[in-house]
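These are the residues of each chain, in order.
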Amino acid sequence: MCGIVGYVGYRQACPVIIKGLHRLEYRGYDSAGVALIGRDGQIELYKCKGKVEDLEHFLEGKDTESTIGIGHTRWATHGAPNDANAHPHFSQSGRIALIHNGIIENFRVLKDALKSHGYTFRSSTDSEVLVNLIEYIQDTNECTLEEAVRMALRQVVGAYAIAIVKRGDPDRIIAARQSSPMAIGIGEGEYFLSSDAASIIDYTQKFVYLNDGEVAVIEKGKPLQIKTLEGEASQVNIQKLEMSISQLEKGGFPHFMLKEIHEQPDTLVDCIRGRVSPDSREIILSGVLDNKERFLKAGRIIFVACGTSWHASLIGEHLIENLCRIPVEVEYASEFRYRNPIIRPDDVVIAVSQSGETADTLAAVEIARREGAFVYGICNVIGSSIARATDSGTYIHVGPEIGVASTKAFTGQVTVMAMLALVVGKLRGTLAEEEYHQMADALLRLPDTIRKVLECAPAVEKLSGIFTYAHNFIYLGRGYNYPTALEGALKLKEISYIHAEGLPAAEMKHGPIALIDAEMPTVVIATLDHTYEKTVSNIEEIKARGGKIIAVISEGDTQLRKRADFCIEVPSTAECLMPVVSIIPLQLLAYYIAVNKGRNVDQPRNLAKSVTVE
Ligand code: G6P
């Protein structure tokens, strides 16, 4: 999704902005631009379709001297990805320049009204409507720009994070947010602005995260001023973000995705650290223990999530139903929010989101809170909107995930869900002490288990060569590994653009088996668990119809070694943690096939890392 970077201070703004925009590339975008205020006080605007690199070429030889600027990467919503629709947008007079993330839903009505006042438009965007609305309001009310911004935003329906600069005002940026992320970095005599604090971590660790309905006046040499849309002063709450720059770099790997796959043993150490005691094997999740009563009395748990986080939630359903005996529902956040769902006061709603910014999941959280449920967050990005909007929660602590296709966040989410189910199961007395300790042991061993699984990478790379040109794939799994099959198929789709479908293995015979022939590879997760024999039968059904089987099997499984066409062996762990193990070869398979096909693995076409529009 769109990304925003801004700077005002004593440095050259342009390089700061370009570096920040590069860091935001992972979000997915199709054009980029920057607005700078030159020495003469004029706003210079440079923007073009394509990558930040294209913008850099475009800027070569131009006068970019300026200590203030705003930059943007656009992910098209209204209007094609082209130069005209790229941000920033000037107001009609050229007095104001604006960048915007989000969608102004009532832009059509506002545009018609502005047209009737003589405004014309250079782009098809909703954002240009907003900048002109601000200008129109300022002109008709003869008020300050800040007042005009607040008045305009009170008329707007939708989501936005905006940044604005004004001709002749080289010290000031105005920023605002509603449902789209916006962090203000605080330096010595300088300010930074970004959709993702991590993108400006080189310069400062001190951040203020704007809340919905807040407008900030960011002025060089002056204290930060934040007000609500009604003009009441808000508290400026500065938070520290601990993060190392190396976490934002590829560390010798050709792609972020491969780096993130290989760092999973370490990210799981970070996820488990301080939560599972190596001595007593006690599991401490303060977010749960501080709210014991809500979990003890929970009549039902509802997961709300999208994409990979939704797949992890399906595993959460198995974990909680098995270990805590609480009924669980797993909802697509986008469906939940518009379905008039029944939410009871004794429900616990768990929102799962890597970015913590997914618009649909955030909306589902707001609905659940409004209806009186207790809302728990499982997020990765510290200080993100969902993390802040929930009553309590647990961070997965896997570090910044840059590759668009989620990998280490998935394994972190499942690991947190396993810890949560163990803590709640123990509290509710639905889990035998012995089982609890066995699973705590398995959790402590999990990073080493994953290290071992990763040894399959060269074999998977070799295997990928055989299937690079397949047009369709089926992924099958049962029980805990049915969601793993869905996730494996999603990985392949996302980055290789090969059609892939994940299914519960036994459902094959109810229709999809009609697709089986020698051209259709089937990836089956068939590790040794309580559904193993059933899965073996499903494999036989496919083989009998000439299908090719790639099986993920447990180490030492000689039966399937003979029956499957290709096997990837993985070590064993507790059955409920198996998805964390079995997803690894599927992440690798998708990665290598995409590389073989020459795809842009880290920034696949049409996708965004953080979907901040609905
Ligand atoms: C986008 C990403 C997916 C991600 C989904 C949910 O579609 O491309 O990788 O799973 O959003 O994101 P979240 O940040 O809420 O987990």
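These figures come from a predicted structure and were not determined experimentally.

Novice: Help me out: how do you make sense of the nonpolar core in this one?
Specialist: Most often, soluble globular proteins keep nonpolar side chains buried together rather than apart. Counting residues in hydrophobic clusters, the biggest one holds 96 residues, and the most contacted among them are Ile 320, Ile 350, Phe 473, Tyr 475 and Leu 588. Considering every element that reaches this core, the biggest residue donor is helix 20 (residues 578-596), with 13 residues. Residue assignment places this core across two domains, with domain 2 (250-431) and domain 3 (456-596) each supplying three or more. One finds Cys 14, Ile 18, Ala 198 and Phe 207 within the second-largest nonpolar core, a separate group that totals 31 residues.

Novice: Explanation requested: the sheet that holds strand 22 (residues 521-526) in the structure shown.
Specialist: One key point about sheets: their strands pair by backbone hydrogen bonds, in either a parallel or an antiparallel sense. The five strands are arranged 21-20-22-23-24 in an open sheet whose pairing can be described as parallel. Edge positions in the sheet fall to strand 21 (499-504) and strand 24 (566-570), since each of these pairs with one other strand and no more. Strand-to-strand twist across the sheet, computed as the mean angle between neighbouring axes with direction ignored, equals 20 degrees. Across five bridges, the pairing between strand 23 (residues 548-554) and strand 24 is parallel. Within strand 24, the residue paired with Ala 551 across the bridge is Cys 567. Running at roughly 165 degrees to strand 22, helix 18 (residues 532-543) makes contact with strand 20 (472-477), strand 22 and strand 23 of the sheet.

Novice: Just to check I follow, could you spell out helix 4 (residues 126-141) for this structure?
Specialist: An α-helical segment advances 3.6 residues per turn. Residues three or four places apart therefore align on the same side. Relative to the 22 Å expected for 16 residues at 1.5 Å per residue, helix 4 spans 23 Å between its end C-alpha atoms, a close match to the ideal helical length. Along helix 4, the positions that sit buried rather than exposed are Asp 126, Ser 127, Glu 128, Val 129, Leu 130, Val 131, Asn 132, Leu 133, Ile 134, Glu 135, Ile 137 and Gln 138. Of the surrounding elements, those touching the buried residues of helix 4 are strand 5 (89-90), strand 6 (96-104), helix 3 (107-116), helix 5 (145-155) and strand 7 (158-166).

Novice: Quick question: what am I supposed to make of the packing of helix 4 against helix 5 here?
Specialist: Between two packed helices, the angle of one axis relative to the other and the distance separating the axes together describe the packing. At a minimum axis distance of 8 Å, the contact between helix 4 and helix 5 shows a crossing angle of 120 degrees. Viewed along their axes, helix 4 and helix 5 adopt a mutual orientation that is oblique. Relative to helix 5, the crossing made by helix 4 is right-handed. Two secondary-structure elements touch here, helix 4 through Leu 130, Leu 133, Ile 134, Ile 137, Gln 138 and Asn 141 and helix 5 through Leu 145, Ala 148, Val 149, Met 151, Ala 152, Leu 153 and Gln 155. When grouped by side-chain class, the residues that make up the contact of helix 4 with helix 5 number ten nonpolar, three polar and no charged.

Novice: Explanation requested: unusual backbone geometry in the structure shown.
Specialist: Most peptide bonds take the trans form, and the phi angle of most residues other than glycine is negative. Along the chain, His 87 connects to Pro 88 via a cis peptide bond; the corresponding omega equals 0 degrees. Mapped onto the secondary structure, Pro 88 falls in the loop between strand 4 (68-74) and strand 5. Residue Asn 340 is not a glycine yet carries a positive backbone phi of 50 degrees. Looking at the secondary structure, you find Asn 340 in the loop between helix 11 (333-336) and strand 17 (347-353). Positioned with a positive phi, Tyr 497 is a non-glycine residue whose angle comes to about 65 degrees. Along the chain, Tyr 497 turns up in the loop between helix 17 (481-496) and strand 21.

Novice: Looking at this structure, how should I read the sheet that holds strand 11 (residues 206-209)?
Specialist: Spatially, the eight strands line up as an open sheet ordered 3-2-4-1-10-9-11-14, and their pairing is antiparallel. Looking at the sheet topology across the chains shown, the edges are occupied by strand 3 (43-49) and strand 14 (239-240). Against the sheet, helix 2 (residues 52-59) contacts strand 2 (31-37), strand 3 and strand 4, and its axis sits at roughly 135 degrees relative to strand 3.

Novice: In this structure, what is going on with the layout of surface pockets? I would like to understand it.
Specialist: Regions of empty space are outlined by a rolling probe, equal in size to a water molecule, passed over the atoms. Its volume calculated, the largest pocket comes out at about 720 Å³. For the largest pocket, the lining is made up of 44 residues, of which Asp 196, Ala 198, Met 243, Val 381 and Pro 400 are closest to its centre. Among the secondary structure elements, those contributing two or more residues to the lining of the largest pocket are helix 1 (13-23) and helix 13 (385-389). It is helix 1 that contributes the most residues to the lining of the largest pocket, three residues altogether. Residue classes in the lining of the largest pocket are distributed as 16 nonpolar, 14 polar and 14 charged.

Novice: Which parts of the structure should I look at to understand the domain arrangement of the protein?
Specialist: Many structure descriptions define interface size as the accessible area lost when the parts assemble. Annotation of the protein at the domain level lists domain 1 (3-243), domain 2 (250-431) and domain 3 (456-596). If you average the C-alpha positions of domain 1 and of domain 2, the two centres end up 32 Å apart. Each partner contributes to the interface: domain 1 provides ten residues, whereas domain 2 provides eleven residues. Between domain 1 and domain 2, the buried area comes to about 820 Å², and carbon and sulfur atoms account for 55% of it. Connecting domain 1 to domain 2 are zero salt bridges. At the junction of domain 1 and domain 2, the tally comes to two residue pairs in polar contact (both at pLDDT 80 or more).

Novice: Please explain the packing of aromatic side chains as it appears in this structure.
Specialist: For any pair of aromatic rings, the description rests on two quantities: the centre-to-centre distance and the angle between the ring planes. Scanning the entire structure with this criterion turns up twelve aromatic pairs. Seen in terms of ring centroids, Phe 295 and Tyr 376 are 5.5 Å apart; in terms of plane orientation they differ by 85 degrees. Their pairing is edge-to-face. Of this pair, Phe 295 sits in helix 9 (residues 292-296) while Tyr 376 sits in strand 18 (residues 374-379), and the two are 81 residues apart along the sequence. Overall, Tyr 376 belongs to the buried group, its relative accessible area being 0%. Arranged with centres 4.0 Å apart and planes meeting at 10 degrees, the rings of Trp 310 and Tyr 332 form a pair that is stacked. Placement of Trp 310 in helix 10 (residues 307-324) and of Tyr 332 in strand 16 (residues 328-332) is noted, with a sequence separation of 22 residues between them.

Novice: In this structure, what is going on with the site of the ligand? I would like to understand it.
Specialist: In the vicinity of the ligand, 14 residues are found, and the nearest of them are Ser 309, Ser 353, Gln 354, Ser 355 and Thr 358. One nitrogen or oxygen atom from the side chain of Ser 353 is found 2.6 Å from an oxygen atom belonging to the ligand. Note that an oxygen atom of the ligand is positioned 2.8 Å from one of the backbone N or O atoms of Ala 608. Considered on its own, the ligand offers 390 Å² of accessible surface; in the complex 90% of this is hidden by protein. If you map the ligand onto the pockets, it falls in the second largest pocket.

Procedures and definitions
Residues numbered from 1 in each chain as written. Predicted model: local features only at pLDDT ≥ 70, side-chain atom pairs only at ≥ 80, totals over all residues. Heavy atoms only, no water. Core = buried A, V, L, I, M, F, W, Y, C linked by side-chain atoms within 4.5 Å. Buried < 20%, exposed > 50% of the residue type's maximum accessible area, 1.4 Å probe, protein only. Helix = DSSP H or I, 4+ residues; strand = E, 2+ residues; numbered from the N terminus. Domains from an automatic or database assignment. Pairing = 2+ DSSP bridges. Axes fitted to C-alpha atoms, helices over the stretch in contact; angles between N-to-C directions. Contact = heavy atoms within 4.5 Å. Expected span 1.5 Å × (residues − 1). Parallel < 35°, antiparallel > 145°, perpendicular 65-115°, else oblique. Left-handed = near helix turned anticlockwise from the far one by under 90°. Nonpolar A, V, L, I, M, F, W, Y, C, P; charged D, E, K, R; others polar. 1 Å grid on protein atoms, 1.4 Å probe; cavity = no way out; pocket = protein on both sides within 12 Å on 5 of 7 lines; lining within 4 Å. Points joined across faces, edges and corners; volume = space filled by probe spheres on them. Buried area = accessible area lost by both parts, 1.4 Å probe. Salt bridge = Lys/Arg side-chain N within 4 Å of Asp/Glu carboxyl O. Polar contact = N/O pair within 3.5 Å; in protein donor to acceptor, adjacent residues only side chain to side chain. Phe/Tyr/Trp six-rings, centres within 6.5 Å; stacked < 30°, edge-to-face > 60°. Near = heavy atom within 4 Å. Areas by Shrake-Rupley, 256 points an atom, 1.4 Å probe, with all protein chains shown as cover. Sits in = over half its atoms within 2 Å of the grid points.

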